[in-house]
Structures are given as structure tokens and as C-alpha cells.
Amino acid sequence: MITVLKRNATAEQKEHLIGWLKAQGLDVHISEGHEYTVLGLIGDTSRIDMDLIASLDIVESVKRVTEPYKQCSRKFHPEDTVVDVGGVKIGGGNFAMIAGPCSVESREQIVEVAKCVKKSGAKLLRGGAFKPRTSPYDFQGLKADGIELLLEAKAETGMPIVTEIMNANHLPLFEDVDLIQVGARNMQNFELLKELGKTDKPILLKRGLANTLKELLMSAEYIMAGGNSRVILCERGIRTFETYTRNTLDLSAVPLLHELTHLPVIIDPSHATGISRLVEPMAMAAAACGADGIMIEVHNDPIHALCDGAQSLTPEQFDAVARKVADIREIVSK
Ligand code: PEP
Ligand code: MN
């Protein structure tokens, strides 16, 4: 971190600030110019409040040289992280299709969808049991029963399962869940992230509706700081002024996150667009730009889905998308 002091800073004020910075465990490299004094702060500045320093009377400007996230940063861990989800590897060249309904609705529904998407090459089964709905009057999910049904579908198909957690108190219910999803609305639920950091479960962390990539990485850092480094990031569209689509898919997140972090990055084209016919082109684009996986909502009867029917593919449509994605993967991995 570099701090430039104002011209009128007195020797006493400078000394006071330097003493305080050293007390924070930093080495301070002082460079006295004709007009300005520049302080180079060396050491772990991740715990330093940059805004606090910037607010001091004698400070002209403050700039970070290293990012405030460490554990998820590529600088500190150059190799790709490969997350093993119940035997399915994601990241570092390992690609996985994840598919299933928005919400688990019944045994028949989840088992049928699981069998179909498995046949089409999906490696993981998704399905919401606890649903974060905008309206309290909408279907809230089957909750614990939904997880039981996912486990039945897992037993029948052998597919590892991914489902969303909304409350850390529910963790005991997630004992046999292979990949715990943190939804967009909970990306900055820091108490939840801290609890997940204490587990050894793989975590699928979705980008918040209006969060920057830096904020996404800081949320991953919360989980990793607790000791759990099995984190997969998911871009699922962000809020913009566009209204034709549910969200705007930020595909540049994939190559950029791959530069910034060693964690795997997947794309959810279903929530990103909200429109089933846009899922295929966006899934192909995600595969082309290097995503480590794609998560797609699939329902056996989308018209009657209790949640997100408009963006859900039929199993037949998913099969076609999976083939196209495989074709693209073949081209880009040459
Ligand atoms: C979901 O995956 O079902 C979901 C609710 O996604 P998001 O948190 O991205 O809206
Ligand atoms: Mn959904």
C-alpha cells in the first residue's frame, strides 16, 4: 500500500502516523521528496482500513498495490485449484455440467430429471430445497423433505447433489449434500460464510445481483479464511438497466476471475437470462470463454414448474445444449 502525505504535514504528524502504522505490524519505507512524502507500507495490509488512512488530515492519497484478498488470489497460489465434489472434479481443465430443476417438487420430478440429465452428460444434480423467493407468498421449497428427495435421486443415479443453504442453523441437514450453494442473495451474508468456512464441504458461491468481482472474491476469502479452500465461483448475471433479460450475463468475469484467482469459475445461464431460448447460446459462449462448468435449470414440465419455469429447459432441450457445449469444449481445448 502506498500513502502519499500532504505537503503541509508536520514532522510530528508524520512521526505519529508512521509509529501507528508500525504498531499495526507493517514496515514503513519512507521516501522524502521535494514536495511530498511517500510511505510504502510493507507486510500484510489486508487488515488495514484504507479509508481510515485516506480520511486523515495529512494524507493526500492511498493506493493498494496488492489486493485485500490473499487466500483466493492467484498471486499466492499460481496453480488452478481443482475441487472434488463427490468424485467429480471441477477446475484445472476439469469441466462439469450441472443440471436439475430450480426447486425439488416431488420424488417423481427429481428422479426423472436426474436420470435424463445424467444420460445427457450432466455430472452433478442441482435442485433447490430452501428457496430464496422475492415474495413470501411464493413456493418456498420443500425444505428438509427436498433434501431427502435429492438424496433419493442421488442414490438412484449416483450423481452428487448441489443445493442452496440460506441459514447456518440448517447445516446439519446438509451433511450428505456434496456441494453447498450460497445463492446470489446471500453472497454477503458474512455470518453464513464464516460458518461454511468451518466446514470441509465444497461451496458453490454465486455472485450477488449487484456485486463487483472484488466483492465476490472477498466473500470467497471469508470462507477460505475459516480454513475451507474448496470454493467454486459462479457468475449468474448482474442487475443492469436492461429489462429484456432477467439479468445481464457478465461473461468477462470468466477470463478475468481466472487471472485474479485460482478457484474454479462456472456460469449459470438460466438465472443470467431468465429466458429458456437464451440458455443454449449463453452456455456455448460460457464454454468458449473457458468456464470450468455450466449450471442449467432443467424441468420435466417447465410450464407447470413451481419456480423459474420460463428459464427452464426440457430434458430434450438440455440434451441438445449439452452436445453443443461438448462440441465447443472440444474446439477450445485443442
Ligand atoms: C438458484 O440457483 O436456484 C438461485 C436461486 O440462484 P441465484 O441465487 O443465482 O438467484
Ligand atoms: Mn431458479
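Residues numbered from 1 in each chain as written. Chains lettered and ligands numbered in written order. Predicted model: local features only at pLDDT ≥ 70, side-chain atom pairs only at ≥ 80, totals over all residues. Heavy atoms only, no water.

Undergrad: Any chance you could break down the site of ligand 1 for me, citing the residues and the numbers?
TA: The environment of ligand 1 is made up of Arg-126, Lys-131, Pro-132, Glu-164, Gln-181, Gly-183, Ala-184, Arg-185, Lys-206, Arg-236, His-271 and Glu-297. Within the side chain of Arg-126, an N or O atom sits 2.8 Å from an oxygen atom of ligand 1. At 2.7 Å from an oxygen atom of ligand 1 is found a main-chain nitrogen or oxygen belonging to Ala-184. Contact with the protein chains covers 97% of the free accessible surface of ligand 1, which is 300 Å². Taken together, the residues that form the shell around ligand 1 break down as two nonpolar, three polar and seven charged. (Near = heavy atom within 4 Å. Polar contact = N/O pair within 3.5 Å; in protein donor to acceptor, adjacent residues only side chain to side chain. Areas by Shrake-Rupley, 256 points an atom, 1.4 Å probe, with all protein chains shown as cover. Nonpolar A, V, L, I, M, F, W, Y, C, P; charged D, E, K, R; others polar.)

Undergrad: Pulling in residues and values, what's your account of helix H6 (residues 213-225)?
TA: With 13 residues, H6 extends 18 Å from end C-alpha to end C-alpha; this agrees with the ideal 18 Å at 1.5 Å per step. Burial in H6 covers these residues: Leu-213, Leu-216, Leu-217, Ser-219, Ala-220, Glu-221, Ile-223 and Met-224. Residues of H6 that are buried sit in contact with helix H5 (190-197), strand E11 (203-206), strand E12 (231-235) and helix H7 (253-260). (Helix = DSSP H or I, 4+ residues; strand = E, 2+ residues; numbered from the N terminus. Expected span 1.5 Å × (residues − 1). Buried < 20%, exposed > 50% of the residue type's maximum accessible area, 1.4 Å probe, protein only. Contact = heavy atoms within 4.5 Å.)

Undergrad: Please provide a residue-by-residue account of the environment of Asp-327, values included.
TA: Looking at the element boundaries, Asp-327 is found in helix H10 (residues 315-332). Sequence separation between Asp-327 and Ala-288 is 39 residues; the distance between their C-alpha atoms is 9.8 Å.

Undergrad: Account for unusual backbone geometry, with residues named and values stated.
TA: Positive phi, close to 55°, is recorded for Lys-143, a residue that is not glycine. Turning to its location among the elements, Lys-143 is positioned in the loop between strand E8 (124-126) and helix H4 (144-157). Overall, Lys-143 belongs to the partly exposed group, its relative accessible area being 39%. Notably, Asp-308 is not glycine yet its phi reads approximately 60°, a positive angle. Here Asp-308 shows up in the loop between strand E14 (293-297) and H10.

Undergrad: Report on a negative patch on the surface, specifying residues and quantitative values.
TA: A surface patch of negative charge is lined by Asp-145, Glu-148, Glu-175 and Asp-176. With respect to the element layout, Glu-175 can be found in the loop between strand E9 (161-164) and strand E10 (179-182). (Patch = residues over 30% accessible without salt bridge, like charges linked within 9 Å, V, L, I, M, F, W, Y side chains within 5 Å. Salt bridge = Lys/Arg side-chain N within 4 Å of Asp/Glu carboxyl O. Lys, Arg positive; Asp, Glu negative; His and termini not counted. Charge placed at Lys NZ, Arg CZ, Asp CG, Glu CD.)

Undergrad: Run through the domain arrangement of the protein, naming residues and quoting values.
TA: Per the domain assignment, the segments of the protein are domain 1 (2-63) and domain 2 (83-332). Using C-alpha coordinates to define each centre, domain 1 is positioned 44 Å away from domain 2. (Domains from an automatic or database assignment.)

Undergrad: Can you explain helix H3 (residues 107-119)? Please cite residues and give values.
TA: Between its first and last C-alpha, H3 extends 18 Å over 13 residues, near the 18 Å set by a 1.5 Å rise per residue. Those residues of H3 not exposed but buried are Gln-109, Ile-110, Val-111, Val-113, Ala-114 and Val-117. With its phi angle positive at about 105°, Gly-121 sits one or two positions after the end of H3.

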